[in-house]
Amino acid sequence: GNPAYTIFALDQAFQYVMVFPAGYSNDEVRTILSAIPGVVFLEPPIVDSTHKFYSHDSRLYADTRGGRARIYSAEGEVLAEAYKPGWTPGIEGWAADDSGVYLRIRIKGSSAQVETPQTPLFKLSPAE
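Calculation criteria
- Residues numbered from 1 in each chain as written.
- Predicted model: local features only at pLDDT ≥ 70, side-chain atom pairs only at ≥ 80, totals over all residues.
- Heavy atoms only, no water.
- Helix = DSSP H or I, 4+ residues; strand = E, 2+ residues; numbered from the N terminus.
- Buried < 20%, exposed > 50% of the residue type's maximum accessible area, 1.4 Å probe, protein only.
- Contact = heavy atoms within 4.5 Å.
- pLDDT = per-residue confidence, 0-100.
- Core = buried A, V, L, I, M, F, W, Y, C linked by side-chain atoms within 4.5 Å.

Can you tell me about the environment of Ala69, naming the residues and giving the values?
One can find Ala69 in strand β7 (residues 69-73). The exposure class of Ala69 is buried, given its relative accessible area of 1%. Distance from Ala69 to Leu124, taken between C-alpha atoms, is 8.2 Å for residues 55 residues apart in sequence. If sequence neighbours within four positions are ignored, Ala69 has contacts with Asp63, Thr64, Ala80, Glu81, Ala82, Pro89, Leu103 and Leu124.

Written out as structure tokens, the structure reads:
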């Protein structure tokens, strides 16, 4: 079957996340989303055995080793990095134009997660 898709609406008037379960076709998902402003469509990332998340054009990759989110060139040079003590980054996917990765940042520890259930969404982009 088709992989699941996660869609973030980033417009200030529409901030929500939609998860389409496997089984929807690309065309069906894109038709549903075409009427929603500010939508970012994240296709399931390409992840290799070393947990590198490759951009659509494979010129960049990202990972979250050591509790830090990083974007690298194909040669392994760090192009961007994000870190927040006490929080764990998770890569949600690359922007459609490969301009960066969307991250969810989760607070560490189960008791802290009760007090702070929000998981902020950020975009990490390499310097131009």
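Which residues make up the confidence of the model for the protein, and what are the values?
Scored by pLDDT, the protein comes out at a mean of 75, with 59% of its residues at no less than 70. Ranking the helices and strands of the protein by mean pLDDT puts β7 first, with 95, and helix α2 (residues 110-115) last, with 52.

Lay out the nonpolar core with the relevant residues and their values.
Ranked by internal contacts, the top residues of the largest apolar core, which has 14 residues, are Ala62, Ile71, Ile91, Trp94, Val101, Leu103 and Leu124. For this core, the element with the most residues is strand β10 (residues 101-107), which contributes four residues.

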